[in-house]
Amino acid sequence: MTAILSFDNVSRRFGATLAVDRVSLSVAPGEFFALLGPSGCGKTTLMRMAAGFETPDEGKVFIAGEDVTQIPAHRRPVNMMFQSYALFPHMSVSENIAFGLKRAGMSRADIAARVAEMARLARLEGLEDRKPAQLSGGQRQRAALARALARAPKLLLLDEPLAALDRKLREATQFELMDIQKRLGTAFVVVTHDQEEAMALADRMAVMRAGRIEQVGAPADVYARPRSRFVADFIGECNLFEGEAQGADIVTKDGVLRAGAPAPHAGKASAIVRPEKLRFVAPQSQGVNVLHGIVHDAAFRGDRSLYRVALPSGQMLRVARSGGAETIGQGVAVSVAFDAQDCVIVDD
Amino acid sequence: MTRKSRSLSWGERATLAAPYLWLLLFFLAPLLLVFKISLSKTVIARPPYEPTFTWSGGWSAWWDGAQKFSLEAWRGLVADPLYARAWATSIALAAISTLIALIIAYPFALAIARASARWRPTLLGLAMAPFWTSFLIRVYAWIAILKDEGFLNHALIALGIIKAPLAIFATNVAVVIGIVYSYLPFVILPIANALEKQDVQLREAAADLGADAWRTFLHVTLPLSLPGVMAGALLMFIPAVGEFVIPDLLGGSDTMMLGKVMWNDFFENRDWPAAAAGAVALLIVLVGPIVYFEKRQNRSVA
């Protein structure tokens, strides 16, 4: 199957900064893909190269197998939903949705039918004659989505689609977005700096840093097997043990830890264990991957509690424990353990 | 959003009152005086109208004076064909000039608004540069350019484009040229301002939805700049209707614009009431569209 979008070794330079540095990436048809990274990592520039608002200095951009590197934005078969929504303020909701259809030369009747269909899809019925200024934040977001989807693109680009919404609305909209994406079968590429959002939405995601892609994969894989300290740290919480790797073992200040797979290189490396993979075991237990410490404090989070356990080396270990279990008091000596398969060794 | 109203301090009240006081003293009061003169009758006296009011006569003298108010000047305004012609000429010349200025100013404004942030102040400064020279001198300069043996005719003849000089000076064409030239910066500035404020992403969104550069301009850039276009047009049209200096210097004896007719009434015919009535009528006619567009703009913003 041809990729709906692919970047072949693209770079983009702004003055002295290399915003995108030799990136290659493919998105499959119908896939929900997330470009994730901190601000300034180049994810937005990469998306704008797909839309046609930036031209790569090097490399090529392909849409559905066709080289579009030199094709201007208005002739590319993609649509984009802007972070600011960029709704035309002088046009009503239906005029906004119809804008792209008119440019495509559709008949009046077809346009009216398509606008009604999109308004229904985005739950904008009854608001068709409103101007953007008369809409709430959530309605504006849905109007922008309806406008971007009206031309039935095979690929939709979404720039921080949920960033302008408040927390409650964001969660509801996440599910709505996934629902629409599955129903239409359109490939969605979302740019976001919010790792929870990326993991919740995407089938696959790319974690970017300083213009380069650090790791691509399904959210669960990237979370469980981060390829670098940066990825581990950026996605979710983690415990980090620095040391010297020897095969699947790593010698740290807190003892020898064993990982599920051998380290990529011998020498300086870090072991990563997620807080929820750590469990309390009987005090003074012996064995591989057992650590002894003292409970520093505990934070109750409703569905779970987060403990901080001080290790003899001075490192503060974060241990998540699902709710319901009795709490462990401060200052209590405890032992925690984890399975080798839940530990990943990455290069420093 | 609701905002709690709170009582203002005396300092705030005084600050807010200052501009109103200014307008009251230097705009409303003189205007009422002019309106009063428009209700008077011409007499050969000093001042050349009656009734006049003094503080010494007491209430009865004021009452007697008030009886003498008449609508003669206003009737003359409607009946005198000279005024009707002057109205038509003024509005036509101002409208044509405004239209031409809009067509010239829009590309200027677009170039300024789309220039890089580093160049924008320089370009705006250049658009304003003519204001560094006296308005009167600039209009006089146009006489030297437009007259029969002026620069323009010399240049055109030297280039072999025409054989005999064009008679532009002392015609309505010269007046239009003068008005367009003089008011152009007033049209460029509000349009440039409106264009500069437009979100770049709106143009990107239009391109994303399949609009080429021309359609993006036609359906997004232009309609969104219309408030600026309207402001520029009003800023130019209103003073241009009452323009006196330009038709006086560049126009011919048959160029009868309102400003000149009023000037003649006032200084040559010593018919102060007629000139005053003309001035008040002009104000009323021009205030109408201003209030209308102001209202419309407020509504579109809300």
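Higher on the page you've got the structure.
Residues numbered from 1 in each chain as written. Chains lettered and ligands numbered in written order. Predicted model: local features only at pLDDT ≥ 70, side-chain atom pairs only at ≥ 80, totals over all residues.

Visitor: Residue-level account of the sheet that holds strand 17 (residues 304-310) of chain A, with values.
Guide: All names here are of chain A. Read across the open sheet, the five strands follow the order 15-19-16-17-18; overall the sheet is antiparallel. Both edges of this open sheet fall to strand 15 (279-281) and strand 18 (316-322), since each of them pairs with a single strand only. Between one strand and the next, the sheet's axes are offset by a mean angle of 50 degrees, whatever the strand orientation. Where strand 16 (residues 290-300) lies against strand 19 (residues 333-337), five bridges are found, and the strand directions are antiparallel. Residue glycine 293 lies in a different strand from strand 19, and its bridge partner there is valine 334. (Pairing = 2+ DSSP bridges. Helix = DSSP H or I, 4+ residues; strand = E, 2+ residues; numbered from the N terminus. Axes fitted to C-alpha atoms, helices over the stretch in contact; angles between N-to-C directions.)

Visitor: Can you lay out the sheet that holds strand 5 (residues 66-67) of chain A for me, pointing to particular residues and giving the numbers?
Guide: Residues and elements named next belong to chain A. Across the sheet, which stays open at both edges, the four strands sit in the order 2-1-4-5 with antiparallel pairing between neighbours. Two strands bound the open sheet, and with one partner strand each, they are strand 2 (17-27) and strand 5. Direction of pairing for strand 1 (residues 5-14) relative to strand 4 (residues 58-63): antiparallel, over a ladder of five bridges. When the sheet's bridge partners are listed, serine 11 is paired in strand 4 with glutamate 58. Sitting on the sheet, helix 1 (residues 43-51) touches strand 1, strand 2 and strand 4, and the angle it makes with strand 1 is about 120 degrees. (Contact = placed C-beta atoms within 7 Å.)

Visitor: Describe unusual backbone geometry, with residues and values.
Guide: Peptide bonds are trans in most cases, and residues, glycine excluded, mostly fall at negative phi. Proline 51 of chain B follows glutamate 50 of chain B through a cis peptide bond whose omega is 0 degrees. Its location among the elements puts proline 51 of chain B in the loop between strand 2 (49-50) and helix 2 (58-67). Phi angles above zero are rare outside glycine, and arginine 22 of chain A is one such case at about 45 degrees. Mapped onto the fold, arginine 22 of chain A is located in strand 2.

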